[in-house]
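Below, each chain spelled out in residue letters.
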Amino acid sequence: MSEPQIPVAVIGARGRLGAFAAKLFAEHAHFELVACWERGDDWPARVSASGARVVFEATRAGLGHAHARIVLEQGARPLVATSGVTPEQVEDLDALARKRSAGGLVVPNFSLGAWILQRACELAAPHFERAEIVEAHHARKADAPSGTAADTVRRITVARANAGCAPLEAAGTGHAARGEVRDGVALHSLRLPGVYARQEVLFSGEGELFAVRHEMSGPEAFGAGIVLAARYVSACQGVGLGLDQVLRSAS
Ligand SMILES: NC(=O)c1ccc[n+]([C@@H]2O[C@H](COP(=O)([O-])OP(=O)(O)OC[C@H]3O[C@@H](n4cnc5c(N)ncnc54)[C@H](OP(=O)(O)O)[C@@H]3O)[C@@H](O)[C@H]2O)c1
């Protein structure tokens, strides 16, 4: 017997990522695309009637948390792609979802390659004295540093704390050319036409440099992660951050 399709709606469906996700859900055998919403639509009033079980949110940095709360309150499950949802906001969503026996997920980057880069960073983090990140995105990206780079810093920080290492300290910073420092990691953001998305993390210690780089040429890189995450969200309990639980439950 074939699996029942998962009804999915997309918020921000005319945007770059939202349009890609809407097409993916419309064409994929495991999903039924039941609604596409844009800015100006009264989507909060329509979530419940749409029958969507999973709502994919890809709007503007800073809106993900508020939108995910509305989705949960309307009885559906949010899958948030939008940048800028903080770990504290994920905890708030988790508490709300558990109260409602529902689930959801916040994913700063759906690319499996980007996830592997971050795993490599977690492995490297306790063994080097310094780390810096250079990220590049297309010129229309509104936020900087990228949500992915911010998430990479968070993972490096947690990996060092778990290993009993002192927090990283950046050196020679304090002027614009040395980037924005977060948790001891200097972040450098480039916004250039002709680039889609790229992240390079450089770790250094005495006499050595370890660099990992991941590059995407288009939104196709997000497809596999979006499918796995949407299937996971359709049945999970609570709201998590990142693809870790998704990939653990899929393996
Ligand atoms: N997690 C990931 O893997 C991943 C990958 C790529 C991008 N992102 C993030 O996803 C977000 C969207 O990126 P994008 O490149 O698709 O941006 P985009 O092309 O600007 O698309 C955003 C869309 O959301 C709409 N929108 C804005 N405010 C809205 C609201 N209140 N309600 C409903 N729709 C609203 C916009 O409409 P208007 O044009 O009318 O404002 C636009 O159509 C960004 O935060 C980006 O950083 C995440």
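Read on for a plain summary of the structure. (Residues numbered from 1 in each chain as written. Predicted model: local features only at pLDDT ≥ 70, side-chain atom pairs only at ≥ 80, totals over all residues. Heavy atoms only, no water.)

### Observations regarding the pattern of salt bridges
All chains considered together, the criterion is met by 15 salt bridges. Taking the shortest distance from any N to any O, the salt bridge between Arg98 and Asp94 comes out at 3.0 Å. With a gap of 4 residues between them, Arg98 and Asp94 both fall in helix α4 (residues 87–99), about one helical turn apart. You can call Arg98 partly exposed: its relative accessible area is 49%. Across the pair Arg154 and Asp151 runs a salt bridge, and its minimum N-O distance is 2.9 Å. You can see Arg154 and its partner Asp151 sitting in helix α6 (residues 147–162), 3 residues apart, about one turn around the helix. Residue Asp151 is classed as buried on the basis of its relative accessible area of 6%. Three or more residues are tied together by salt bridges with common partners; here these are Arg119, Glu122, Asp151, Arg154, Arg155 and Asp244. (Salt bridge = Lys/Arg side-chain N within 4 Å of Asp/Glu carboxyl O. Helix = DSSP H or I, 4+ residues; strand = E, 2+ residues; numbered from the N terminus. Buried < 20%, exposed > 50% of the residue type's maximum accessible area, 1.4 Å probe, protein only.)

### Considering the pairing of strand β10 (residues 208–216)
Examined bridge by bridge, strand β9 (residues 197–205) and β10 share 9 bridges and lie antiparallel to one another. Counted as the bridge partner of Val201 is Val212 from β10. Between β9 and β10, which follow one another and run antiparallel, lie 2 residues, and Gly207 among them has a positive phi close to 75 degrees. (Pairing = 2+ DSSP bridges.)

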